[in-house]
Amino acid sequence: MLDEVKSLNEECGVFGVWGAKNANYLTYLGLHSLQHRGQEGAGIVANDGQKLRTYRNLGLLTQVFSKPEYLNNLVGDSAIGHVRYSTAGENKIENVQPLLFDFTDSQLALAHNGNLTNAITLKKELEQKGHIFKSSSDSEVLVHLIKQSTQPTFRDRMVEALNKIQGGFAYLLLTKDALILALDSHGFRPLSIGKLDDGGYVVASETCALDAVGATFVRDVQPGELITISDEGMKIDHWTTKTQLAICSMEFVYFARPDSDILGVNVHSARKRMGANLAQEYPAPGDIVVGVPNSSLSAASGYAEASGLPYEMGLIKNQYMGREFIQPTQELREKSVRQKLAAVKGVVKGKRVILVDDSIVRGTTCAYIVQLLRDAGATEVHLRIASPRFMHPCFYGIDIQEKSELIAAHKSIEEMNQIFGSDSLRFLSEDGLIDAIGMNADAPYSGLDMSYFNGDYPTYLYDYESKK
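Conventions and cut-offs
Residues numbered from 1 in each chain as written. Predicted model: local features only at pLDDT ≥ 70, side-chain atom pairs only at ≥ 80, totals over all residues. Heavy atoms only, no water. Helix = DSSP H or I, 4+ residues; strand = E, 2+ residues; numbered from the N terminus. Rg over C-alpha atoms; globule rule 2.2 N^0.38 Å. Buried < 20%, exposed > 50% of the residue type's maximum accessible area, 1.4 Å probe, protein only. Contact = heavy atoms within 4.5 Å. Areas by Shrake-Rupley, 256 points an atom, 1.4 Å probe, with all protein chains shown as cover. Phe/Tyr/Trp six-rings, centres within 6.5 Å; stacked < 30°, edge-to-face > 60°. Lys NZ or Arg CZ within 6 Å of the ring centre and 35° of its normal. Expected span 1.5 Å × (residues − 1). Polar contact = N/O pair within 3.5 Å; in protein donor to acceptor, adjacent residues only side chain to side chain. Pairing = 2+ DSSP bridges. Axes fitted to C-alpha atoms, helices over the stretch in contact; angles between N-to-C directions. Core = buried A, V, L, I, M, F, W, Y, C linked by side-chain atoms within 4.5 Å. Salt bridge = Lys/Arg side-chain N within 4 Å of Asp/Glu carboxyl O.

K.L.:
How would you summarise the overall build of the chain if you had to cite specific residues and measurements?
P.N.:
From N to C terminus, the chain includes 16 helices and 24 strands. Here the chain has a C-alpha radius of gyration of 22 Å; the compact-globule value for 468 residues is 23 Å, and the two agree. Counting only C-alpha atoms and orienting by the principal axes, one finds that the chain spans roughly 70 × 45 × 40 Å. Counting the 468 residues in the chain, one finds 59% classified as buried. Contacts spanning at least 24 positions in sequence make up 70% of the contacts within the chain whose residues lie at least 6 apart. When the accessible area of the chain is evaluated, it comes to approximately 17,900 Å², of which 47% is carbon and sulfur surface.

K.L.:
Pulling in residues and values, what's your account of unusual backbone geometry?
P.N.:
Put simply, Gln97 and Pro98 share a cis peptide bond, and its omega is 0 degrees. With respect to the helices, strands and loops of the structure, Pro98 is situated in the loop between strand S4 (78-84) and strand S5 (99-102). One non-glycine residue, Asn22, lies in positive phi territory at about 55 degrees.

K.L.:
Break down the packing of aromatic side chains for me, with residues and values.
P.N.:
Under the criterion given, the structure shown has 14 aromatic pairs. Ring geometry for Tyr28 and Phe65: centres 6.1 Å apart, planes at 85 degrees, overall edge-to-face. Taken together, the residues span a long stretch of sequence, with Tyr28 in helix H1 (residues 23-33) and Phe65 in the loop between helix H2 (61-64) and helix H3 (68-72) at a distance of 37 residues. The pair Tyr28 / Phe65 is uniform in exposure class, with both members buried. Three or more aromatic residues link up through ring pairs in this structure, and these residues are Tyr28, Tyr55, Phe65 and Tyr70. Sitting over the ring of Phe133, Lys123 keeps its end group 5.0 Å from the ring centre. It is Lys134 that lies over the ring of Phe101; its NZ or CZ is 4.7 Å from the centre.

K.L.:
Tell me about helix H9 (residues 267-281), and name the residues and values.
P.N.:
Taking 1.5 Å of rise per residue, the 15 residues of H9 would be expected to cover 21 Å, and the 21 Å separating its terminal C-alpha atoms lies within 8% of that figure. Taken as a whole, H9 has its buried residues at Val267, Ala270, Arg271, Met274, Gly275, Ala276, Asn277, Leu278 and Ala279. Between the side-chain oxygen of the N-cap and the backbone nitrogen of His268 there are 3.2 Å, and the N-cap of H9 in question is Asn266.

K.L.:
So what's going on with the side chain of Arg384? Residues and values would help.
P.N.:
By secondary structure assignment, the location of Arg384 is in strand S22 (residues 380-385). One polar contact links the side chain of Arg384 to the main-chain carbonyl oxygen of Pro283, over a distance of 3.5 Å. Beyond its immediate sequence surroundings of up to four residues, Arg384 is in contact with Leu278, Tyr282, Pro283, Ala284, Tyr303, Ile354, Leu355, Val356, Asp357, Ser424, Leu425 and Arg426.

K.L.:
How would you explain the sheet that holds strand S17 (residues 288-291) if you had to name every residue and give the values?
P.N.:
The strand order S18-S17-S21-S22-S23 describes an open sheet built from five strands, whose pairing is parallel. Two strands in the sheet have a free side with no partner beyond their single neighbour: strand S18 (311-312) and strand S23 (424-427). Bridge count between S22 and S23: four bridges; the pairing is parallel. The residue bridging Ile385 from the neighbouring strand is Phe427, located in S23. Its contacts with the sheet place helix H13 (residues 366-375) against strand S21 (352-357) and S22, and it is angled at close to 145 degrees to S22. Against the sheet, helix H14 (residues 413-420) touches S22 and S23, its axis set at about 130 degrees to S23.

K.L.:
Let's hear about the side chain of Ser422: which residues, and what values?
P.N.:
Take Ser422: it is sitting in the loop between H14 and S23. There is a polar contact of 2.5 Å between the side chain of Ser422 and the side chain of Asn417. For Ser422, the contacting residues outside a window of four places in its chain are Val370, Arg374, Val381, Leu383 and Asn417.

K.L.:
Would you mind going over the nonpolar core in detail, with residue names and values included?
P.N.:
The biggest cluster of nonpolar side chains holds 48 residues, and the ones touching the most others in it are Met250, Phe252 and Met274. At the level of secondary structure, the elements contributing two or more residues to this core comprise strand S14 (247-248), helix H8 (249-255), H9, helix H10 (297-307), S21, helix H15 (430-437) and helix H16 (451-454). When near neighbours in sequence (up to four residues on either side) are disregarded, Met274 contacts Phe252, Val253, Ala386, Leu428, Leu433, Ala436 and Ile437.

K.L.:
So what about the pattern of salt bridges? Which residues, and what values?
P.N.:
Once the charged atoms of two side chains with opposite charge are near each other, the side chains can pair. Here the structure, examined in full by the defined rule, presents 14 salt bridges. Residue Arg155 pairs with Asp237 through a salt bridge whose shortest N-O separation is 2.7 Å. Residue Arg155 is found in helix H6 (residues 154-162), and its partner Asp237 is found in strand S13 (residues 233-238); the two are separated by 82 residues along the sequence. Since its relative accessible area comes to 38%, Arg155 is described here as partly exposed. Notably, a salt bridge pairs Glu251 with Arg189, separated by 3.3 Å at the nearest N-O pair.

See below:
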């Protein structure tokens, strides 16, 4: 992505295990596969059948669990885990998930991927009734709604609570008796279920995490579903039947790992088709095709194949410089990019380069990367972006909630081209993106949330309506 060192913070990653030996270590491995979805904090809650125990902290997974005892103490055959970016709430230890609640009669742990659009309103109402929140995260709202419900069963209290919240959510809840999954009515965030050879169940934000622990894919969680996994097996229920699939299109464009499948669509293959469609829509006079590592390499290879041009490794990424190096000023960001990306002079010198990237959001370092290629001897640099212009904020779990942050919302393509210093700039069309993902769902935009590109939000935004 031609932005800062990393311009979009992914929502979060969740992982759960039920009925498996070494659930703590399986959860650790699963979260490691989801580290790209959140790098500000991590945590695990384990269940030994009698008590829930937790450890969480700020930092990468390996930093959080830097001492063996942190993980060894989380005994039991079921667990849930979470890696976090703060889309709602400050980056502090109180907001690191899973959140564990100790009530007088029970314990409950919660992990959430997404963002609620009416959390501010609900929190005010709950606080007026005397509820005290442990965190500033919107994720906690669900538990308070469950506790205030007077419905006779936990399932009924869950249904009542879920029908009061709005926005994007994939929830994992852990009690001593069950692992409970809930997905919002549009399925904004992916959530998949797998099964281990010993009969245990695994739940993860992406199928790559199922693969990491040797689980066989069983099914995707569908919009509006409420699923309970216990020693009695898996029970599929619904908290609502008023559903309309609108999964986040940016999962396919950028967030998810290439080896993940989302609703039956392989992410790498979809990105290759994005690149191929881009080449058909906007060919460029070039000698080689270069992708911005790493999230754009699939699209770049698709562009190269469709255009008949060689795909070259013209940019190299320093894999040992993590995202913690994101800096607060433009000068420091540019220095970070210089450390993170390098142009391969022997590849690009004397060449007309078609530079393919997955998206442009803030556009803060695009000019620097174009200049990087020119300094390495590229005679021309043509920018091709494998998604439409990102012109509208996201309110369902990405940390872009202000239109002022989006360069395409304020600049024309020609203006951006001049700012970046590229020879030409073109973006994939909405139809080209929809065709590349190929969901074929009987829904608007083929079951995709395209609001980032066209402002057509699938839901009312409640607390954020004025920010559209």
